[in-house]
Amino acid sequence: MGGGSAPCVLSVFSLCLLTCSAQSYAVDDQAGLGRTFDGVGGLSGGGATSRLLVNYAEPYRSQILDYLFKPNFGASLQILKVEIGGDAQTTDGTEPSHMHYENDENYFRGYEWWLMREAKKRNPNITLIGLPWAFPGWIGRGKNWPYDYPDITASYVVSWIIGAKQYHNLEIDYVGIWNERSFNSKYIKLLRYTLDKNGLERVKIIASDNLWEPITLFVLQDRELSEAVDVLGAHYPGTTTVPEALKTGKQLWSSEDYSTFNDDVGGGCWARILNQNYVNGQMTATISWNLVASYYQDLPFGRDGLMTAQEPWSGNYVVESPIWITAHTTQFTQPGWKYLQTVGHLAHGGSYVALTNQRGNLTIVIETMTHDHSVCIRPPLLPYTVTAQRATFCLKGSFVSTAEVKLMITDPQSLQSIVSNGSFTLDLDVDEVYTVTTITTGLKGNYPEPPPSSPFPKIYKDDFKVQHPDFSEAPDFADQTGVFEYFINETDPGPHVYTLRQVVTQRPITWVADADQTISVIGDYKWCNVTVSCDLYMEEENGGGVFVAARVDKGGGSVRSARGIFFWVFADGTYKVTSDLSGQSVLAEGQSGTRANIWNTLTLSVKGDNAFGELNGHVLWKNAVGLVPKNGWAAIGTSSFQLAQFDNFAVQAE
């Protein structure tokens, strides 16, 4: 459980005698205590980062959840932050809104409700946070901005909080406010008013859930705003804050952090910022983006989660280094504990924090991460040096009579007694995490090895015939623009009663550049030679258009520039083949005879530099496609934000 290393047997450190070569550090509460610890958490969303998790079969899905949330087992997370879905691309996909349209409310869409319930099931005391990264288009009344009508936006957000309680018995503890483009104090005040008016006084506000400025200056100057805001939150603060934030007296959080590939270096990044966010910046909570890397790895920021669960088809998952790094803090502290004022940097590099429950328990977390073993994705990390060192910790104040503490290096289940007579000395190696604690309940949870990793099945079919789906999304589809939901077409007496339907009809309000078309990808990014077929139904007579695609090379925030082979048919009786999602690079086009409100079957076959397309079993076009990507996902979608249905999807790859 050291600095990013794989789980291994505890290294037993013998008690070192005090020598003049050891640097001394006081652990003392005589001068008072520091700030209140609020917890360590993970973030699901921003966006669609837990998309594949829900598709895991049991027992593997529950095992993954245990490693994340079960106390004294794995990460033992104390905070879960989720996206309030806004029908928009917000990094790795879209998450559905509970209100696609103004007169529409559905509190069972998506998977965040389920995830919060599962987290609460394992840890009833976990803190729950909601944050909207984007909003459905109707919120802006025609503008790509959610705050021109702040009363509408506030009501929308509060309805999500009310729905969480009414339909899922979930008490949301905090709601975040974030937008990259500006800060809006009027909206924050109105949100506070709307919460209070609906009996939600206990729900606290995090602002601006982005940067320290300008929110801190506004809070210092505006008493009403200061009373509305409970926590100042920053994203990727680099372990530092600003003097004005400290002057506010508010709790300071790193409300989104980490975002780093979860190998050993990622574990080192996480270990360093968990300590130094408080040592350098007085931040009392740190939340990882993201919770679990449960999205296709070739989407942006692949494997930037605390653990990896991106193969529901195989059942394989990997408990990565950051899980055990997290446990060094979370298994031996609880929100509400107090930091001691005696925290800081070690003489030869690294840092230490000390926390107490003020009832005799003490936990000290020490990290010695070197620069190259702890580089995070952002912000840039200036050079520094860490060397092996001997450190003596002297217990003072109420801790002076502590008879014994335990040392944990790699395995919380194998704590070793190391102290007596009020002090202890450790030989600290580089790139390690050490926890010294009076708490003895830590455990290193373990399940049998999951199934081996395997690629996405080369033959895949889905007829979407699910009468009572557990989730609104079909398995393994990753919506990149638009929202594709299970749909029961009660007016169709034929074979297409149960379908998948694209339901977003207006461009959402988002900070990411959604495509002008809707698209959902699926499969293996390495696919080259492949046949994709699907039944499609256009509901728009004017401007209706749908497609199947292969070798799609981009998703996430880059989806607008996605290339591949796109086979389109339109309600005006035409077809088109393009090498891009935007439909500008035309490879072939002509008449198809297609129209709205009729089912058609499209089949796209690609092999090497050649492709052909079939409409209802008849070849419609053949063409060379040499200037397209050599591999990529399969996909379905529409030519604009419009209603359309899909059925009997099938892929066969070589």
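Residues numbered from 1 in each chain as written. Predicted model: local features only at pLDDT ≥ 70, side-chain atom pairs only at ≥ 80, totals over all residues. Heavy atoms only, no water.

Counted only if it meets this: UniProt positions are given in the numbering used here, feature names are shortened, and annotations may be inferred rather than shown by experiment.
Taking an unreviewed UniProt entry as the reference, the protein chain is identified by name as Galactocerebrosidase belonging to Pygocentrus nattereri. Here the protein chain is described in UniProt, under the heading Subcellular location (unreviewed entry), as follows: "Lysosome". Here is the UniProt Function (unreviewed entry) comment for the protein chain, exactly as written: "Hydrolyzes the galactose ester bonds of glycolipids such as galactosylceramide and galactosylsphingosine."

A word on the overall build of the protein chain
Convention followed: Strands are runs of DSSP state E lasting at least 2 residues, helices are runs of H or I lasting at least 4, and numbering of each runs from the N terminus. Note on method: radius of gyration uses C-alpha positions; expected globular size equals 2.2 Å times residues raised to 0.38. Only heavy atoms matter for contacts: two residues are in contact if any of them lie within 4.5 Å across the pair. Working definition of accessibility: Shrake-Rupley area with a 1.4 Å probe, residue cover restricted to the visible protein chains.
Along its length, the protein chain carries 9 helices and 36 strands. Computed over C-alpha atoms, the radius of gyration of the protein chain comes to 27 Å, within 12% of the 26 Å expected from 2.2 N^0.38 for 654 residues, which places it in the range of a compact globule. Based on the C-alpha atoms only, the size of the protein chain along its principal axes is roughly 90 × 55 × 45 Å. Pairs at least 24 residues apart make up 73% of the contacts formed inside the protein chain by residues separated by at least 6 positions. As displayed, the protein chain has an accessible area near 23,700 Å², and 49% of this comes from carbon and sulfur atoms.

Points about the UniProt feature "active site" (unreviewed entry) in the protein chain
Using the following cut-off: Residue exposure (1.4 Å probe, protein chains only): buried if accessible area is under 20% of the type maximum, exposed if over 50%, otherwise partly exposed. Counting of polar contacts relies on pairs of N or O atoms within 3.5 Å, with two restrictions inside protein: one atom must be capable of donating a hydrogen and the other of accepting it, and residues adjacent in sequence are counted only when both atoms are side-chain atoms.
The residues that UniProt annotates with the feature "active site" (unreviewed entry) are Glu-180 and Glu-256. Within the secondary structure, Glu-256 sits in strand β9 (residues 251-258). A relative accessible area of 8% means that Glu-256 is categorised as buried. Not counting the four nearest positions on each side in its chain, Glu-256 is found in contact with Leu-43, Trp-133, Ala-234, His-235, Tyr-236, Pro-237, Ile-287 and Trp-289. Looking at Glu-256, its side chain comes within polar contact range of the side chain of Tyr-236, at 2.7 Å.

What about the pairing of β9?
On a regular strand, each side chain points to the face opposite its neighbour's, so the side chains alternate between the two faces of the sheet. The condition is simple: Pairing between strands requires that DSSP locate at least two bridges from one strand to the other. Whether a crossover is right-handed comes down to one check: with the strands pointing away from the viewer, does the path from the first strand over the helix to the second run clockwise; if it does, it is right-handed.
Within β9, 7 of the 8 residues are buried, which leaves the element mostly enclosed by the surrounding structure. Here strand β8 (residues 231-235) runs beside β9; their pairing, made up of 5 bridges, is parallel. Each residue of the ladder has a partner; that of Val-231, found in β9, is Gln-251. Taken together, the 5 bridges between β9 and strand β10 (residues 283-289) define a ladder with parallel strand orientation. Counterpart to Ser-254 in the pairing with β10 is Thr-286. With respect to chirality, the unit in which β9 leads through helix α8 (residues 264-281) into the neighbouring parallel β10 is right-handed.

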